[in-house]
Amino acid sequence: MDILDFHTHRTDADRAIISVDPHEFAPEPGKWYSVGFHPWSDLEALGEEDFALLEQCASHPQVLTIGETGLDSLRGAPLDIQETSFARHLCLAASVGKPVVVHSVRTAQRILAVKRATGCQVPLAIHGMRGNEHVARLLLDADCYLSFGIRFNPAALRITPLDRMLIETDEHPAAISEVAAAVASEKGLSSKELMELTAANIRRFTAYSTY
Ligand SMILES: [Zn+2]
């Protein structure tokens, strides 16, 4: 497994974890996936059969992570509904032994509070990390990995340890090599060094039974 792009929605991406809704999960050979109900999706319409489908997809061997799930204070369903969905993803992830890809927009404290409240022990990676260094510190102190795209807060990236850093394209058309170059120059590394580091971080994150 040699994955560079921790999080994308492009289903044709290579060396990437492709994030899909369980209803769109159609695994192709040689590709890796994350499954979950995005906090922007119509969470209020989800029923038990949808969560049963999620559960079924979650144990598929090509599914490495659960999500993206999480909280968005600017968009999507009311926050209490988002919290219920997020909590269910966390507990499902714990039960299948896979880590979680988290979407968080101005909700870092709540993300950690919901996780504490569930009591479910799973590693989290905050994807699309754009928060400042205070938000980064809070998340790093709670053992989260942070995934950076083409746009990020340089101070937050600077305080992120090399073994907790991931890179991603998400929905942006930039190639992962462009993201790697931008993140590498901020960290004083070559693109090659950065890609090796982040690939190793993805391997460690997705093999979290040894976490
Ligand atoms: Zn995404």
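Our subject is the structure that appears above.
A. Structural view of the overall build of the protein chain. Broken down by element type, the protein chain carries seven helices and eight strands. Taken over C-alpha atoms, the radius of gyration comes to 16 Å for the protein chain, in line with the 17 Å a tight globule of 211 residues would show. Long-range pairs, those at least 24 residues apart, make up 59% of the contacts in the protein chain between residues at least 6 apart in sequence.

B. The arrangement of the sheet that holds strand E7 (residues 145–148) in detail. The eight strands lie next to each other as E1-E2-E3-E4-E5-E6-E7-E8, forming an open sheet whose pairing is parallel. Either end of the sheet is taken by a strand with one partner, and the two such strands are strand E1 (5–8) and strand E8 (165–167). Mean inter-strand twist for the sheet, computed between neighbouring axes without regard to direction, equals 30°. Here three bridges tie E7 to E8, and the two strands are oriented parallel to one another. Residue pairing in the sheet places leucine 146 in a bridge with methionine 165 of E8. Where helix H6 (residues 176–187) meets the sheet, it contacts E1, E7 and E8, and its direction lies at approximately 145° from that of E8.

C. The arrangement of the nonpolar core in detail. Core analysis: the biggest nonpolar cluster contains 52 residues, and Ile17, Val100, Ala125, Ile126, Leu146, Leu166 and Ile167 have the highest contact counts within it. Sequence-distant contacts of isoleucine 126, defined by excluding residues within four places in its chain, comprise Val102, Ser104, Leu139, Cys144, Leu146 and Ser147.

D. The environment of methionine 129, seen in detail. Relative to the helices and strands, methionine 129 is located in the loop between strand E6 (124–126) and helix H4 (133–141). For methionine 129 and isoleucine 167, which are 38 residues apart along the polypeptide, the C-alpha to C-alpha distance reads 9.5 Å. Those residues in contact with methionine 129 that sit more than four places away from it in its chain are Leu146, Ser147, Phe148, Phe152 and Ala156.

E. Molecular detail of unusual backbone geometry. Geometrically, the link from glycine 67 to glutamate 68 is a cis peptide bond, its omega value of 15° lying close to zero. Checked against the element boundaries, glutamate 68 lands in strand E4 (residues 63–72). Not every positive phi belongs to a glycine, and aspartate 143 is a case in point at roughly 70°. Following the sequence through the fold, aspartate 143 ends up in the loop between H4 and E7. Since 10 C-beta atoms lie within 10 Å of it, aspartate 143 is described here as exposed.

Reading the values: the criteria
- Residues numbered from 1 in each chain as written.
- Predicted model: local features only at pLDDT ≥ 70, side-chain atom pairs only at ≥ 80, totals over all residues.
- Helix = DSSP H or I, 4+ residues; strand = E, 2+ residues; numbered from the N terminus.
- Rg over C-alpha atoms; globule rule 2.2 N^0.38 Å.
- Contact = placed C-beta atoms within 7 Å.
- Pairing = 2+ DSSP bridges.
- Axes fitted to C-alpha atoms, helices over the stretch in contact; angles between N-to-C directions.
- Core = buried A, V, L, I, M, F, W, Y, C linked by C-beta atoms within 7 Å.
- Buried ≥ 20, exposed ≤ 12 C-beta atoms within 10 Å, placed from the backbone.

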